[in-house]
Amino acid sequence: MKFQSPTGMHDILGKDMMYFQKIEKVCQDVADFYGFRRIETPILEDTKLFEKGTGFSTDIVQKEMFSLRTKGGDYLTLRPEATPGIVRSYLQKGMENLPKPIKFWHLGPFFRYERPQAGRFREFNQFGFESIGMDKPIIDVQIIQIFFNILKELGFKDLTIEINTIGCPECRSEYKRKLIKYLKSNQSNLCSDCKRRLKENPLRILDCKNEKCQEVIKSAPQMIEHLCKDCHSHFKNVLEFLEELELPYSLNPYLVRGLDYYTRTVFEIFPNLSEKEKESLGQERGKIALAGGGRYDNLVKLLGGKETPACGGAAGVERIIRLMKVMGKKIPTKKQPQVFLAQVGVLSKRRALKIFEDLRENNIKIVEAFYKDSLVEQLKIADKLGIKFVLILGQKEAIDNEIIIRHMDTGKQTIIPFKKIVKHLKKIIK
Ligand code: AMP
């Protein structure tokens, strides 16, 4: 029997791991600059945390959660998104009493039971940024700016930020009433999913990709015309700051994002691809969101805390890697070691082990093949690796506390005492 990775889940290794590590490094650097600390929450959380936080009526909770019951009878779910877990930690660790905002970033795997397709997996990695405790529009813009900067740093030259506001519970409830009235009068033209959403999550219909639904949506009332004074001024400020920072945004009145907890600003970031890049994407060429997020002013309270405004977002690592490859963005390979340690005979193998550790402690990168006994074979390996200097330790050298240094280019060999190896290598290694 041959085992396969589970459907929609994959290994990360080789080149992909280099892209992954590059993304992690850029995130870490940007996070340090903006003062966000890293947090990693458990992969499993109480199922109710997502039912309540992400929202019972959302697609994630309705259809996409990997849930299980433990032997002890607890109901747990593999995290489908990061925000509820981070807010849970914020409350559990008593961070409510700390000066605000509390700023966190994270990177790790998430799980959604979706139909696997191009750019959509059941296990995927996200990095995200959350700022808890401030209601100012500048925070929304800073979160957007952070994602924009990370993507730019990763080589995305042409991006569009789609932005919208979905108001606060007060103005939204009036808008929802009007929207439902309109949608009900067009109910027969909606897809079956949207018919269900009409009862549970009518805003989500605005975001449906079905052609017939899109026709209905075109003439639907828009949130932006129903904002209360505060939500209007908040959004106006957000747009003004975006302009000030020359961030390329486009208003999308149909952007709602599927989650219940969002309030006011919501955004998504898309790459603008060249025809050639679209061609190389083949089937995946549709609109690809790299990042998305928004304000969630009611989530902390909903999960048992005080009323606390917050804002955040997340980006998909696999999608970013895929596009970096399509854009031809190369990751510089790590510096190859220049020194190889070869040994012949039992005593020299023992001595070589010690020398190897000494060199590691002195930050000299070195390769070995202790599992080989023949010098010819070891030199062949060194040659294949493009090694410049081979340290050769034979029985005689091991007894005399000396080592041979062979310059692979010229074949020239010199003998130096053990004591001088580190100093000598530091001199000749570039
Ligand atoms: P979301 O948490 O749904 O707002 O998603 C934020 C970002 O995560 C998206 O813009 C995607 O880049 C990525 N993402 C979401 N779901 C998936 C998935 N199933 N597979 C791969 N990437 C995903």
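Structure first, text after, so check above.
Below you will find a few notes about this structure. None of the values given here were measured: they were computed from a predicted structure. (Residues numbered from 1 in each chain as written. Predicted model: local features only at pLDDT ≥ 70, side-chain atom pairs only at ≥ 80, totals over all residues. Heavy atoms only, no water.)

Here the focus is the packing of helix α5 (residues 137–153) against helix α9 (residues 229–244). One can describe the packing of α5 onto α9 by two numbers: an axis separation of 8 Å at closest approach and a directional angle of 45 degrees. Accordingly, the angle class assigned to the pair α5 and α9 is oblique. Regarding α5 and α9, the two cross each other, and that crossing is right-handed. Across the interface between the two elements, Pro137, Ile138, Asp140, Val141 and Ile144 from α5 touch His234, Asn237, Val238, Phe241 and Leu242 from α9. (Axes fitted to C-alpha atoms, helices over the stretch in contact; angles between N-to-C directions. Helix = DSSP H or I, 4+ residues; strand = E, 2+ residues; numbered from the N terminus. Parallel < 35°, antiparallel > 145°, perpendicular 65-115°, else oblique. Left-handed = near helix turned anticlockwise from the far one by under 90°. Contact = heavy atoms within 4.5 Å.)

Another point: the environment of Ser219. Here Ser219 shows up in the loop between α8 (211–218) and α9. Overall, Ser219 belongs to the exposed group, its relative accessible area being 53%. Between the alpha carbons of Ser219 and Gly85 there is a distance of 38 Å; along the sequence they are 134 residues apart. (Buried < 20%, exposed > 50% of the residue type's maximum accessible area, 1.4 Å probe, protein only.)

Position of Glu277 relative to the elements: it lies in helix α10 (residues 275–281). Nearest to the buried, unbridged Glu277 among oppositely charged side chains is Lys276, at 7.6 Å. Not counting residues up to four positions away in its chain, the partners in contact with Glu277 are Val326 and Met327. (Lys, Arg positive; Asp, Glu negative; His and termini not counted. Salt bridge = Lys/Arg side-chain N within 4 Å of Asp/Glu carboxyl O.)

Glancing now at empty space enclosed by the protein. If a probe the size of a water molecule is rolled over the atoms, the empty space left behind becomes visible. Using the criterion set out here, one finds one cavity of 30 Å³ or more in the structure. Its boundaries defined by the atoms lining it, the largest cavity holds a volume of some 30 Å³. Broken down by class, the residue content of the lining of the largest cavity amounts to four nonpolar, two polar and two charged. (1 Å grid on protein atoms, 1.4 Å probe; cavity = no way out; pocket = protein on both sides within 12 Å on 5 of 7 lines; lining within 4 Å. Points joined across faces, edges and corners; volume = space filled by probe spheres on them. Nonpolar A, V, L, I, M, F, W, Y, C, P; charged D, E, K, R; others polar.)

Moving on: the side chain of His226. Examined against the element boundaries, His226 turns out to sit in the loop between α8 and α9. Judged by relative accessible area, His226 falls into the buried class, the value being 17%. Ignoring anything within four residues of it in the chain, the contact list for His226 reads Cys171, Tyr175, Lys178 and Pro221.

All right, on to the sheet that holds strand β3 (residues 67–69) then. A sheet is described by the order of its strands in space; here three strands give the open sequence β2-β4-β3, paired in antiparallel fashion. What marks the edges here is a single partner per strand, and that holds for β2 (44–46) and β3. When the angles between neighbouring strand axes are averaged without regard to direction, this sheet yields 35 degrees. Across three bridges, the pairing between β3 and strand β4 (residues 75–78) is antiparallel. Its bridge partner lying in β4, Arg69 is registered against Tyr75. (Pairing = 2+ DSSP bridges.)

Neighbouring residues of the ligand: 15 residues in total, closest Arg112, Glu114, Phe121, Gln126 and Arg257. The contact in question runs from an oxygen atom of the ligand to an N or O atom on the side chain of Arg112, over 2.8 Å. Here an oxygen atom of the ligand and a backbone polar atom of Leu290 are 3.1 Å apart. Surface burial for the ligand is 90%, taken as the share of its 480 Å² of free accessible area covered by protein chains. Going through the elements one at a time, β6 (123–132) and β11 (310–316) are the ones with two or more residues in the shell around the ligand. If you tally residues by element for the shell around the ligand, the top one is β11, at three residues. When grouped by side-chain class, the residues that make up the shell around the ligand number seven nonpolar, three polar and five charged. (Near = heavy atom within 4 Å. Polar contact = N/O pair within 3.5 Å; in protein donor to acceptor, adjacent residues only side chain to side chain. Areas by Shrake-Rupley, 256 points an atom, 1.4 Å probe, with all protein chains shown as cover.)

In this section: the pattern of salt bridges. Two side chains carrying opposite charge are able to pair once their charged atoms lie near each other. Throughout the structure, instances matching the rule amount to 30 salt bridges. Among the ionic pairs, Arg295 bridges to Asp140, the shortest N-O distance being 2.7 Å. Placement of Arg295 in strand β10 (residues 291–295) and of Asp140 in helix α5 is noted, with a sequence separation of 155 residues between them. Asp140 carries the same exposure label as Arg295, and that label is buried.

What follows deals with the pairing of strand β9 (residues 263–271). The buried fraction of β9 amounts to nine of the nine residues, a majority that puts the element mostly inside the structure. Summarising the sheet, strand β7 (residues 159–165) and β9 pair through seven bridges and their orientation is antiparallel. Each bridged residue has a counterpart across the sheet, and for Asn164 the counterpart in β9 is Val266. Of the pairings in the sheet, the one linking β9 to β10 comprises five bridges and is antiparallel in character. Looking at β10, one finds that Phe267 is bridged to Gly293.

A separate point is the sheet that holds β10. Strands sit in the order β1-β5-β6-β11-β10-β9-β7-β8 across an open sheet of eight strands; the sheet is mixed. At either margin of the open sheet sits one strand with a lone partner, and together these are β1 (37–38) and β8 (249–251). Sheet topology note: the β1/strand β5 (residues 102–111) ladder contains two bridges and is parallel. If you follow Arg37 over to β5, its bridge partner there is Phe104. Sheet strands in contact with α9 are β7, β8, β9 and β10, and its direction is about 165 degrees off that of β7.

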